[in-house]
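Okay, here's what each chain looks like letter by letter:
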Amino acid sequence: MTKKHKIAVIGGDGTGPEVVAEGLKVLKVVAKKHNFEYELKDFDFTGQRYLKTGKLVEDKDVEELKTYEAIYLGAVGDPAVKPGIIEHGVLLKLRFALDQYINLRPVILYPNVWTPVKDKGPEQIDFVVVRENTEGLYVGTGGYLKKGSPDEVATQVSVNTRKGVERCLRYAFEYTQKRNKRKQLTLVGKTNVLTYAWDLWERAFHEIGQKDFPGIKREYSHVDATCMWFVKNPEWFDVIVTDNMFGDIITDLGAMIQGGMGIAAGGNINPKGVSMFEPIGGSAPKYTGQNVINPLAAIGALQMLLENIGEDKAAADVEKGIRYACTQMKSMSAGKMGMSTTEVGDTVAKAI
Ligand code: IPM
Ligand code: MN
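Residues numbered from 1 in each chain as written. Chains lettered and ligands numbered in written order. Predicted model: local features only at pLDDT ≥ 70, side-chain atom pairs only at ≥ 80, totals over all residues. Heavy atoms only, no water.

**Quick notes on the side chain of Q100**
Then, number 1: Inspection of the secondary structure puts Q100 in the loop between α4 (85-97) and β4 (102-108).
Then, number 2: The class of Q100 is buried, set by a relative accessible area of 0%.
Then, number 3: A distance of 3.0 Å separates a polar side-chain atom of Q100 from the backbone oxygen of V274.
Then, number 4: Apart from residues lying up to four places away in sequence, Q100 is in contact with I71, L94, R95, N133, T134, N268, I269, N270, V274, S275 and M276. (Helix = DSSP H or I, 4+ residues; strand = E, 2+ residues; numbered from the N terminus. Buried < 20%, exposed > 50% of the residue type's maximum accessible area, 1.4 Å probe, protein only. Polar contact = N/O pair within 3.5 Å; in protein donor to acceptor, adjacent residues only side chain to side chain. Contact = heavy atoms within 4.5 Å.)

Next up, the structure:
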């Protein structure tokens, strides 16, 4: 019996719709090959719609999205809209409202992809970052005192709940077990300075690890040192777990060592709800409509989406297609790929 998957599509701003179109091209091919059906619905959550209607993601949209199996997102960010509005009104709104408490970001260097890290290759760059996605500095707690005066005070508070930290750690331990590579989970924090938040994280990390995951090796690394190791010894990492802000920062560095934003994919995951998959780079407005942006990150996000909805064989095929495309492309950077956006999509689709 074939199953019909319901997938919500948010092309978004800038080059988002172009890269999503390539992902959907690949979806069509793997669905046929692996004999499953799907229905898509486009959601217009963009800067352009916001400028016309003042609307971004509303509560009723969230309710509708809850009826989907997964969400496929292109990009958010439009230079015509003040920074922060679409980010909060679309991306962060969905992460929070759908309680997507994990942001899963693999850092994998595929063969033939250039890395700026000298003397390191696919053998050395192969790890996954599990970023907490609904707490920390992203909750929006804080405010001003005496705003606009010389005595102005601004606070921005990092909120870390035992529940929120614990569910993220458990996910990371389980993921490390399932990944079954080096069985090593590294907590990335700042225990030497941020002594309340990271004390909570550290205690929970060791308690949960000791009690429920004795087979997983536990490591700890400060976030600043982690940036150093990403460049010097990326092979030291298997799975990393960290908070929202640190995860945001280190995964941009992670994306660079795996070949750039053109190849880095991620998933905003609610293990019991609706998850959302996206290329982690931005909307790249200056490349919009030129057919030069790299769609592999979006195709990688499709791979993660397929794994999430249980189409593992299709996902594995998409990965094979991505690996093949990497061997045919000159570069992962927009405009330098030696192919157009649509040709990269075609190359992946044909390989499948
Ligand atoms: C990311 C982005 C977002 C974040 C922005 C666009 C709100 O940088 O997904 O990493 O900070 O999480
Ligand atoms: Mn980011």
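We are not done yet, so read on.
**Some thoughts on the environment of K232**
Then, number 1: As for its position among the elements, K232 is in helix α7 (residues 223-232).
Then, number 2: Sequence separation between K232 and G310 is 78 residues, and the spatial gap between their C-alpha atoms is 36 Å.

**Considerations on the nonpolar core**
Then, number 1: V130, L169, V241, L296, L306 and V318 are the most contacted members of the largest nonpolar core, which totals 79 residues.
Then, number 2: With eight residues, helix α9 (residues 296-308) is the single largest residue contributor to this core.
Then, number 3: Contact partners of L169, with chain neighbours within four places excluded, come to L187, W201, A204, F205, I208 and V241.
Then, number 4: In terms of nonpolar packing, the next biggest core, distinct from the first, is built from 20 residues, Y68, V76, L91 and L98 among them. (Core = buried A, V, L, I, M, F, W, Y, C linked by side-chain atoms within 4.5 Å.)

**Structural notes on the pairing of strand β2 (residues 37-42)**
Then, number 1: Inspection of the sheet shows strand β1 (residues 4-12) paired to β2 by six bridges, in the parallel sense. Among the inter-strand pairings, V9 is bridged to a residue of β2, identified as D42.
Then, number 2: Tracing the backbone out of β1, into helix α1 (residues 16-34) and back to the parallel element β2 gives a crossover that is right-handed. (Pairing = 2+ DSSP bridges. Right-handed = clockwise from strand over helix to strand, strands pointing away.)

**Considerations on the site of ligand 1**
Then, number 1: The local shell around ligand 1 consists of E87, L91, R95, R105, R131, Y138 and D248.
Then, number 2: One of the side-chain nitrogen or oxygen atoms of R95 is found 2.7 Å away from an oxygen atom of ligand 1.
Then, number 3: Contact between ligand 1 and D248: an oxygen atom at 2.9 Å from a side-chain N or O atom of the residue.
Then, number 4: Within the complex, 76% of the 320 Å² of free accessible area of ligand 1 lies under protein.
Then, number 5: Here the shell around ligand 1 gets three residues from one element, more than from any other, and that element is α4. (Near = heavy atom within 4 Å. Areas by Shrake-Rupley, 256 points an atom, 1.4 Å probe, with all protein chains shown as cover.)

**Focus: the domain arrangement of the protein chain**
Then, number 1: Per the domain assignment, the segments making up the protein chain are domain 1 (1-103 + 264-352) and domain 2 (115-258).
Then, number 2: Taking the mean C-alpha position of each, domain 1 and domain 2 sit 24 Å from one another.
Then, number 3: Taking both sides of the interface into account, the surface hidden between domain 1 and domain 2 amounts to around 1,200 Å²; carbon and sulfur atoms contribute 59%.
Then, number 4: Our count for the contact surface shared by domain 1 and domain 2 stands at six residue pairs in polar contact (both at pLDDT 80 or more).
Then, number 5: Where the side of domain 1 that touches domain 2 is concerned, the elements lending two or more residues are α4, β4 and β11 (265-269).
Then, number 6: A breakdown of the residues in the side of domain 1 that touches domain 2 according to their chemical character gives eight nonpolar, three polar and two charged. (Domains from an automatic or database assignment. Buried area = accessible area lost by both parts, 1.4 Å probe. Nonpolar A, V, L, I, M, F, W, Y, C, P; charged D, E, K, R; others polar.)

**A few points about α7**
Then, number 1: Looking at α7, one finds that the buried residues are V223, T226 and F230. Viewed along the axis of α7, the buried residues span an arc of 45 degrees, placing them on a single side of the element.
Then, number 2: Those residues of α7 hidden inside the fold are in contact with β5 (126-132), β8 (184-189), β9 (217-222), β10 (239-242) and α8 (244-257). (Arc of directions from axis to C-beta.)

**Remarks on the pattern of salt bridges**
Then, number 1: Scanning the model with the defined rule gives 25 salt bridges in all.
Then, number 2: Of the charged contacts, one joins K66 and E63 as a salt bridge, the two residues approaching to 3.1 Å between their closest N and O atoms.
Then, number 3: When its relative accessible area of 42% is taken as the criterion, K66 is described as partly exposed.
Then, number 4: Here E63 falls in the partly exposed class, since its relative accessible area comes to 47%.
Then, number 5: Residue D317 pairs with K320 through a salt bridge whose shortest N-O separation is 3.6 Å. (Salt bridge = Lys/Arg side-chain N within 4 Å of Asp/Glu carboxyl O.)

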